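This is what each chain is made of:
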Amino acid sequence: MKRQVFFSFEYVKDNWRASQVRNMGKVSDNSTFSDNDWEEVKEKSDSKIKEWIDEQLEKRSCVVVLIGATTSTRKWVKYEIEKAYEMKKGIVGIYINKLKDKDGNQTDKGSNPFYTLLTDEGERLSKYVECFESSYQTSKNVYDDISENIEDLIENAIEKSGTY
């Protein structure tokens with residue numbers, strides 16, 4: 001069964017890389033709203049953006065954070081992770097920095113976005129949330145590695161949801 005997930009990522013820098021993962025065919029088609037949807041939403045007020053994110057998360061069983069070079073610094077990524085934690089959704093991270101962008105470039109590995117976020121008990125969320133990093137270096141091998149593992153990563157995150 002393909003899961004409905006919410007993909008969280010830094011849109012400007014990682015949209016090309018994220019679209020590779022979103023279009024692998026490993027999750028429900030309902031998980032991949034169009035880029036035009038985000039372009040429209042991001043022009044709204046913060047409260048409207050939060051409302052849209054909350055509505056999207058309500059429909060999903062897991063948040064997949066696609067981690068690029070500066071993902072951990074992004075305001076909306078942090079909000080999406082915090083909201084997923086609050087809603088007891090599955091949460092998993094996948095490093096996408098070694099996937100090529102539209103210009104054929106890879107980027108630096110970013111910081112773990114779960115490290116600075118705390119559970120209700122004051123522990124780092126990174127203690128509980130898995131971050132998958134392919135051991136491969138070439139974009140094609142990284143893509144294949146993510147493709148082979150993403151469904152299990154999502155299932156494991158859903159099984160652990162609400163236990164941290």
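All of the points below concern the structure found in this document. (Residues numbered from 1 in each chain as written. Predicted model: local features only at pLDDT ≥ 70, side-chain atom pairs only at ≥ 80, totals over all residues. Heavy atoms only, no water.)

Brief notes about the layout of surface pockets
When its volume is computed, the second largest pocket comes out at roughly 160 Å³. Per-class residue counts for the lining of the second largest pocket are three nonpolar, two polar and six charged. (1 Å grid on protein atoms, 1.4 Å probe; cavity = no way out; pocket = protein on both sides within 12 Å on 5 of 7 lines; lining within 4 Å. Points joined across faces, edges and corners; volume = space filled by probe spheres on them. Nonpolar A, V, L, I, M, F, W, Y, C, P; charged D, E, K, R; others polar.)

Quick look at the packing of aromatic side chains
One pass over the structure, following the stated rule, counts five aromatic pairs. Residues Tyr-85 and Tyr-164 carry aromatic rings whose centres are separated by 6.0 Å and whose planes lie at 15 degrees to one another, so their mutual orientation is stacked. Taken together, the positions of Tyr-85 in helix H4 (residues 75-86) and Tyr-164 in the segment after helix H5 (139-160) put the pair 79 residues apart, joining distant regions of the chain. Tyr-164 shares its class with Tyr-85; the two are buried. Through a chain of ring-to-ring contacts, three or more aromatic side chains come together here, namely Tyr-85, Tyr-128 and Tyr-164. (Phe/Tyr/Trp six-rings, centres within 6.5 Å; stacked < 30°, edge-to-face > 60°. Helix = DSSP H or I, 4+ residues; strand = E, 2+ residues; numbered from the N terminus. Buried < 20%, exposed > 50% of the residue type's maximum accessible area, 1.4 Å probe, protein only.)

Considering the sheet that holds strand E3 (residues 90-95)
Taking strand neighbours across the sheet as the criterion, the four strands line up as E1-E2-E3-E4 in an open arrangement whose pairing is parallel. Unpaired on one side and paired on the other, strand E1 (5-8) and strand E4 (131-132) mark the two borders of the sheet. Here six bridges tie strand E2 (residues 62-67) to E3, and the two strands are oriented parallel to one another. Bridged to Ile-67 within E3 is Tyr-95. (Pairing = 2+ DSSP bridges.)

With respect to the packing of helix H3 (residues 46-58) against H4
The N-to-C vectors of H3 and H4 enclose an angle of 45 degrees; their axes lie 11 Å apart at closest approach. One finds that H3 runs oblique with respect to H4. Here the hand of the crossing between H3 and H4 comes out right-handed. Here H3 contributes Asp-46, Ile-49, Lys-50, Ile-53, Asp-54 and Leu-57 to the contact with H4, which in turn contributes Lys-75, Trp-76, Tyr-79, Glu-80, Lys-83 and Ala-84. Each residue belonging to the contact of H3 with H4 can be placed in one class, and the counts come to six nonpolar, no polar and six charged. (Axes fitted to C-alpha atoms, helices over the stretch in contact; angles between N-to-C directions. Parallel < 35°, antiparallel > 145°, perpendicular 65-115°, else oblique. Left-handed = near helix turned anticlockwise from the far one by under 90°. Contact = heavy atoms within 4.5 Å.)

Brief notes about the pattern of salt bridges
Summed over all chains, the structure comprises twelve salt bridges. Of the charged contacts in the structure, one is a salt bridge between Asp-101 and Arg-17, with a shortest N-O distance of 3.8 Å. One end of the pair, Asp-101, is in the loop between E3 and E4; the other, Arg-17, is in helix H1 (residues 11-22), with 84 residues separating them in the sequence. Within the structure, one salt-bridge network assembled from shared partners comprises Asp-14, Arg-17 and Asp-101. (Salt bridge = Lys/Arg side-chain N within 4 Å of Asp/Glu carboxyl O.)

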